[in-house]
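Coordinate analysis (summary)
Listed here are the chains, written in short residue letters.
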Amino acid sequence: MAMNTGGRLVAGSHNRNEFVLINADEIGRIKSVHELSGQTCQICGDELEITVDGELFVACNECAFPVCRTCYEYERREGSQCCPQCKTRYKRIKGSPRVEGDEDEDGADDLEHEFHYENVDALGFLRGAGATASSSIHPGHNSSCQNLDIPLLTYGEEDVEDVDNQNAIIVPPPVSHGNGIQSSPFIGENMAGNPRPMVPEKDTALYGYGSVAWKDRMEDWKKRQNERLQVVKHQGNDEDEYYPGLPMMDEGRQPLSRKLPISSSRINPYRMIIILRLAILGLFFHYRILNPVHDAFGLWLTSVICEIWFGVSWILDQFPKWYPIERETYLDRLSLRYEKEGQPSELADIDVFVSTVDPMKEPPLITANTVLSILAADYPVDKVSCYVSDDGAAMLTFEALSETSEFARKWVPFCKKFNIEPRAPEWYFCHKMDYLKNKVHPAFVRERRAMKREYDDFKVRINQLVATAEKVPEDGWTMQDGTSWPGNNVRDHPGMIQVFLGNDGFRDIEGNMLPQLVYVSREKRPGFEHHKKAGAMNALIRVSAVLSNAPYLLNVDCDHYMNNSKALREAMCFMMDPTSGKKVCYVQFPQRFDGIDRHDRYSNRNVVFFDINMKGLDGLQGPIYVGTGCVFRRQALYGYDAPPKKKKPSKTCNCLPKWFCCCCGSRKNQKGKSKNENKKSKHREASKQIHALETIEEGAEESKAVFVPPLSQEKLEKRFGQSPVFVASTLVPDGGVPKTISSTTLLKEAIHVISCGYEDKTEWGKEIGWIYGSVTEDILTGFKMHCHGWRSVYCMPKRPAFKGSAPINLSDRLHQVLRWALGSVEIFLSRYCPIWYGYGGGLKGLERFSYINSVVYPWTSIPLLVYCTLPAICLLTGKFIVPEISNYASIVFMALFMSIAVTSILEMQWGGVGLDDWWRNEQFWVIGGVSSHLFALFQGLLKVLAGVNTNFTVTSKAGDDGDFSELYIFKWTTLLIPPTTLLILNVVGVVVGVADAINNGYDSWGPLFGKLFFAIWVIMHLYPFLKGLSGKQERVPTVIIIWSILLASILTLVWVRINPFVSRDGPVLEICGLNCNDG
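Since this is a predicted model, take the numbers as computed values, not measurements.

1. Side note on the overall build of the protein chain
- Helix and strand counts for the protein chain come out as 31 helices and 18 strands.
- Here the contacts in the protein chain between residues at least 6 apart in sequence split such that 77% fall between residues at least 24 apart.
- Roughly 53,300 Å² of accessible area belongs to the protein chain as shown, and the carbon and sulfur atoms make up 55% of that amount.

2. Structural notes on empty space enclosed by the protein
- On inspection of all chains with the given rule, the structure shows eight cavities of 30 Å³ or more.
- Each pocket or cavity is described by its volume, and for the second largest cavity that value is around 70 Å³.
- Thr-356, Pro-359, Glu-362, Pro-364, Thr-367, Ala-368, Val-388, Thr-397, Ala-400, Leu-401 and Thr-404 are the residues that line the second largest cavity.
- Breaking the lining of the second largest cavity down by element, the ones donating at least two residues are helix H7 (364-375) and helix H8 (395-418).
- Along the lines of polarity and charge, the residues of the lining of the second largest cavity split into six nonpolar, four polar and one charged.

3. Concerning the packing of helix H5 (residues 297-318) against helix H22 (residues 845-856)
- For the pair H5 and H22, the least separation of the axes is 8 Å and the interaxial angle reads 135°. In terms of their interaxial angle, H5 and H22 are classed as oblique. Residue-level contacts link Trp-309, Ser-313, Ile-315, Leu-316 and Asp-317 of H5 to Phe-849, Ile-852, Asn-853 and Val-856 of H22.
- Split by residue class, the contact of H5 with H22 holds six nonpolar, two polar and one charged.

4. Things to note about helix H26 (residues 932-946)
- Taking 1.5 Å of rise per residue, the 15 residues of H26 would be expected to cover 21 Å, and the 20 Å separating its terminal C-alpha atoms lies within 8% of that figure.
- Along H26, the positions that sit buried rather than exposed are Ser-932, His-933, Leu-934, Phe-935, Ala-936, Leu-937, Gln-939 and Gly-940.
- Of the surrounding elements, those touching the buried residues of H26 are helix H21 (810-828), helix H23 (861-877), helix H25 (915-929) and helix H27 (977-1000).

5. Points about the pattern of salt bridges
- Per the counting criterion, the structure on display carries 31 salt bridges.
- With a closest N to O distance of 3.1 Å, Glu-307 and Arg-288 form a salt bridge. Here Glu-307 is found in helix H5, whereas its partner Arg-288 is found in helix H4 (residues 264-290), with 19 residues between them in sequence. Neither Glu-307 nor Arg-288 differs from the other in exposure class; each is buried.
- Taking the shortest distance from any N to any O, the salt bridge between Asp-618 and Arg-327 comes out at 2.8 Å. Taken together, the residues Asp-618 in helix H13 (residues 607-618) and Arg-327 in strand E5 (residues 325-329) connect sequence positions 291 residues apart.
- For Arg-327, a relative accessible area of 17% corresponds to the buried category.
- Beyond isolated ion pairs, a larger network of salt bridges with shared partners links Glu-339, Asp-378, Lys-566 and Arg-569.

6. Considerations on the environment of Pro-858
- With respect to the helices and strands, the residue Pro-858 is situated in the loop between H22 and H23.
- The sequence separation of Pro-858 and Leu-818 amounts to 40 residues, and the corresponding C-alpha distance is 9.4 Å.
- Once residues lying within four places of it in the same chain are set aside, the contact partners of Pro-858 are Ala-821, Ser-824, Val-825, His-933 and Leu-937.

7. Section: the side chain of Ser-824
- Its location among the elements puts Ser-824 in helix H21.
- The class of Ser-824 is buried, set by a relative accessible area of 1%.
- With residues up to four places along the chain from it excluded, the contact list for Ser-824 reads Thr-776, Ile-779, Ser-854, Val-855, Tyr-857 and Pro-858.

8. Comments concerning the sheet that holds strand E11 (residues 561-562)
- With mixed pairing, three strands are arranged side by side in an open sheet as E11-E16-E13. Looking at the sheet topology across the chains shown, the edges are occupied by E11 and strand E13 (592-594).
- As paired strands, E11 and strand E16 (residues 802-805) are joined by two bridges and run antiparallel to one another. Bridge pairing links Tyr-561 to Lys-803 in E16.

9. Here's the deal with the state of the cysteines
- Taken as a whole and judged by the stated rule, the model has zero disulfides.
- Cys-68 supplies the cysteine sulfur nearest to Cys-41, a cysteine that is in no disulfide, at a spacing of 3.7 Å.

10. Considering the packing of aromatic side chains
- Tallying each qualifying case throughout the model produces 48 aromatic pairs.
- Its end group placed over the ring of Phe-429, Lys-452 keeps NZ or CZ at 5.8 Å from the ring centre.
- The ring centre of Tyr-839 lies 3.7 Å from the NZ or CZ of Arg-848, which sits over that ring.

11. Concerning the side chain of Arg-333
- Positionally, Arg-333 belongs in helix H6 (residues 331-338).
- In this structure Arg-333 comes out as buried when scored by relative accessible area, which is 13%.
- Looking at Arg-333, its side chain comes within polar contact range of the side chain of Gln-254, at 2.6 Å.

12. Re the environment of Trp-1005
- With respect to the element layout, Trp-1005 can be found in helix H28 (residues 1005-1021).
- Apart from residues no more than four positions distant in its own chain, Trp-1005 is found in contact with Val-994, Ala-997 and Ile-998.

13. Details of the packing of H4 against helix H24 (residues 887-911)
- Put simply, H4 and H24 touch, their axes get as near as 9 Å, and they point 150° apart. In terms of their interaxial angle, H4 and H24 are classed as roughly antiparallel. As H4 packs across H24, the resulting crossing turns out to be left-handed.
- Across the contact of H4 with H24, the residue classes tally to 18 nonpolar, three polar and four charged.

14. What to know about a nonpolar patch on the surface
- On the surface, Ile-289, Leu-290, Ile-308 and Val-312 cluster together into a nonpolar patch covering about 350 Å² of accessible area.
- Looking at the nonpolar patch, the elements with two or more residues in it are H4 and H5.
- Overall, Val-312 belongs to the partly exposed group, its relative accessible area being 44%.

15. Description of unusual backbone geometry
- Omega for the bond connecting Glu-421 with Pro-422 falls within 30 degrees of zero, at -10°, which places this linkage in the cis form.
- Relative to the elements of secondary structure, Pro-422 occurs in the loop between H8 and helix H9 (425-430).
- In this structure, His-531 takes a positive phi of about 60° despite not being glycine.
- Residue position: His-531 is located in the loop between strand E9 (516-521) and helix H11 (532-547).
- Even without a glycine there, the phi angle at Ser-603 is positive, about 55°.
- Note on placement: Ser-603 falls in the loop between E13 and H13.
- Ser-603 sits in the buried class, given a relative accessible area of 5%.

16. Observations regarding the confidence of the model for the protein chain
- Summary statistics for the protein chain give a mean pLDDT of 74 and a share of 68% for residues scoring 70 or more.
- Per-residue pLDDT stays below 50 along residues 24-37; that stretch engages in 40 contacts with residues further than four places along the chain or on separate chains.
- Counting interchain partners and residues more than four positions distant, the pLDDT-below-50 stretch residues 952-962 has 26 contacts.

17. Looking at the pairing of strand E1 (residues 9-13)
- For E1, the tally of buried residues reaches five of five residues, placing the bulk of the element in the interior.
- Of the two faces of E1, the one holding Leu-9, Ala-11 and Ser-13 and the one holding Val-10 and Gly-12 are both buried throughout.
- Here E1 runs beside strand E8 (residues 495-501); their pairing, made up of three bridges, is antiparallel. When the bridges of E8 are listed, Gly-12 appears paired with Gly-495.

Parameters and conventions
- Residues numbered from 1 in each chain as written.
- Predicted model: local features only at pLDDT ≥ 70, side-chain atom pairs only at ≥ 80, totals over all residues.
- Heavy atoms only, no water.
- Helix = DSSP H or I, 4+ residues; strand = E, 2+ residues; numbered from the N terminus.
- Contact = heavy atoms within 4.5 Å.
- Areas by Shrake-Rupley, 256 points an atom, 1.4 Å probe, with all protein chains shown as cover.
- 1 Å grid on protein atoms, 1.4 Å probe; cavity = no way out; pocket = protein on both sides within 12 Å on 5 of 7 lines; lining within 4 Å.
- Points joined across faces, edges and corners; volume = space filled by probe spheres on them.
- Nonpolar A, V, L, I, M, F, W, Y, C, P; charged D, E, K, R; others polar.
- Axes fitted to C-alpha atoms, helices over the stretch in contact; angles between N-to-C directions.
- Parallel < 35°, antiparallel > 145°, perpendicular 65-115°, else oblique.
- Expected span 1.5 Å × (residues − 1).
- Buried < 20%, exposed > 50% of the residue type's maximum accessible area, 1.4 Å probe, protein only.
- Salt bridge = Lys/Arg side-chain N within 4 Å of Asp/Glu carboxyl O.
- Pairing = 2+ DSSP bridges.
- Disulfide = S-S within 2.5 Å.
- Phe/Tyr/Trp six-rings, centres within 6.5 Å; stacked < 30°, edge-to-face > 60°.
- Lys NZ or Arg CZ within 6 Å of the ring centre and 35° of its normal.
- Polar contact = N/O pair within 3.5 Å; in protein donor to acceptor, adjacent residues only side chain to side chain.
- Left-handed = near helix turned anticlockwise from the far one by under 90°.
- Patch = residues over 30% accessible without salt bridge, like charges linked within 9 Å, V, L, I, M, F, W, Y side chains within 5 Å.
- pLDDT = per-residue confidence, 0-100.

Next comes the structure, spelled out in structure tokens:
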């Protein structure tokens, strides 16, 4: 369904009854829909369209009785052909289909557009000149519209033989819901008692299974099977002979993906070591508890408590990795199944969400590259719609997106012509190219250089916009036509929608269609809770459902571009798999990053989590949702339960005598069975042919799960909100937008669903969409889906699907970890805590372990901080947390250390993780644990229990220093205080311990060894932190010097107070040799 806004920005507020179209570069007028149309159709109640010439559509030239084009065409085709008011015969209007009696009319013929019936609604809607961008709405799947309570009208007669599988759509009477909203405002009152079919002369009894002969259906099915059958041949010999060991199967009917379990030679030793480590851990705690240190009882008790907590944390982290798997996709089978030669693509539609807030912190050039990579994806262009959420209502983002849509007309055909990777221009042109490799064609070299110049010009325009946006005018920003930008007040502005690409008038330079590109900024008003990113994503769910309603959604952050153009196809191999795809709620891709130093000092790549932990979860119920690079099933986001499992057929017991099975069986169940047998037998014969027909129609294996709940319209509106168009879209599992809804209605509904009060008294954020209550809404959202019985899939293609940018300096990295940990604390203190929420649902036990671990880990910061302080205390006081070690204790300790090392080595082996990555992860676990996790814990407690919001600000001061200059930027933040203190304490403790041993002689070195090992272990883990403090600077920052002096002074006073070199009983006279009492 085409929708033209004439390049105008659509803005409005449902609560204030505002709906305007802003001319971006024309004459500075603001036209409302009522001003443009002025009247509504007196038959169906819809607004009157605007013709191509910008005039109001007039059906009758005699009395100008207001009738819309749809009713005018229907009346001429099926009715009396006369005006309802003056009874004058309707004359044929240009672009309308010819009917009987038009031959006598005078005037020029319009043969060119005479039979273009499918775009009747779009011919007259708001077409203006001088537009910055045009817009269109994809209709989605045509078949999905039949499930809506909205009538579908036709203007030409259909061939009865071509609609065997279609149901006649009867026009229903209008239904009022008490709030003044009619579910079908398209039908007049005179039609309420006489439903009218699409083909009046066709008997309604012909529809359905009864209208088709079994023999004809069987022959048609066999014919299609023979056409599609591709015999799998043996490839080992040169002769064309069938391999007897392989079945003769259609390649397109085989599974689209498969699991690749870890080989038994790797996974079995790993599991054995885990069990062995668990047993050794039990022996370790047995020894530690039964052997206290009496002269340092406080230190011993503290250490044992910390060690028990670490043991529980290890169990929560380790056992979800019990069943690690990998997966493999078959893109060729996907194409064979859903992209048949000579036929339209049957791949599912996908709506892509790109979220951004502040263009000054998230550069528009980065967002533009993400959008360009999505528009150039290797996927049918009419199946992709890209929605950019601007939650900051910044005109800079709007203008940058307008420039991006223009550049996309050149960039998209270049990408698809030469099949380049990646399709984000900034990163594509960063790669140095060998023009002599693989004999590069001269035409490609020439066009690549020309495209590089085009992109450089594009970058200059974007940078000019950024430079202009740095100085905001006092009166706010003004658009090109003189209209004030609606989003000048970030906290108080109407909702805004602009469709940049997707209309037939805006094709690429080669004349091909482009994917739809939509700018969305939801309404914000003071006094409303907007729920940050989660609220913005829910607004995108609703507005996309109204405009395109694709059955699948992809969400990416604005800095995560599509690195693999086939990423959408990779996800569809799981979602559209007829055997296993019905229960998949989302497909999660791993996060990969650009611009990180080779050593990855602060573990920004997070390789251990994405390559080990997530593979383990994929073998259970699926990976957790990590916030970006994830393809969702729309129906799963609507809070529906997963399709129920099919019950396995009952097994017959051949190993035991029948009398034993009968005695064990319940008599009650046998009685129930006998009663149901008679009922089932009556319907068995009648339904046998129907089930066989379903199987023959190849729909049995591909049938979609039915998600429509048995709820009334009132309950649906209470659940989803007061938008009849959006509510109707939630009942269509296959997606799609009905063609009969006018563009004006769609625009009004789109503005309605992004209004700030739409979610009030609904289940949005509670059971539907992204779940509210935490800054890490991703964990909550995935957790709720798994509780509904869905499973997720982890997809790791050889070429990373998405790549993003990560904060690589120490302070920014700590603040990123702080936000994640704060979200976990909020979930832990909420009703959605996985420790007590979701029992009795579809969440598996080990999957619950992983979710518990994801919300409990910030609490580990307290025992970790205490445990890292113990070495310094032991060195300063001369005490230790372990008594004198016996041979048995030595064996237990060595076995524990060996089991930890072997477990880690085996994990790195089956996960494909290097030693450097594993060690960096261990180091940053300590650094983040004693800083970000600790502050997040206290901040979360203050926020949840006391309602106090505490923010930790970052002040930067640094310069440019090469490719990784940001790595060496030092930004002082309070998060640096705990690890700095720990580092100084342990360094001073080592110096004091060594000095004490030198002073006391050889015998003191033995007890010192364990203390030194303990302290050096802490210092080694904090080494990246120490390196981040100094960086490439020639001198240590002043703040570090101040802290060092302060802590050194405190430790010196403690040292003097302890006074270890002087005996507590005074000097020993025998050693002194002098008797002071003599003489």
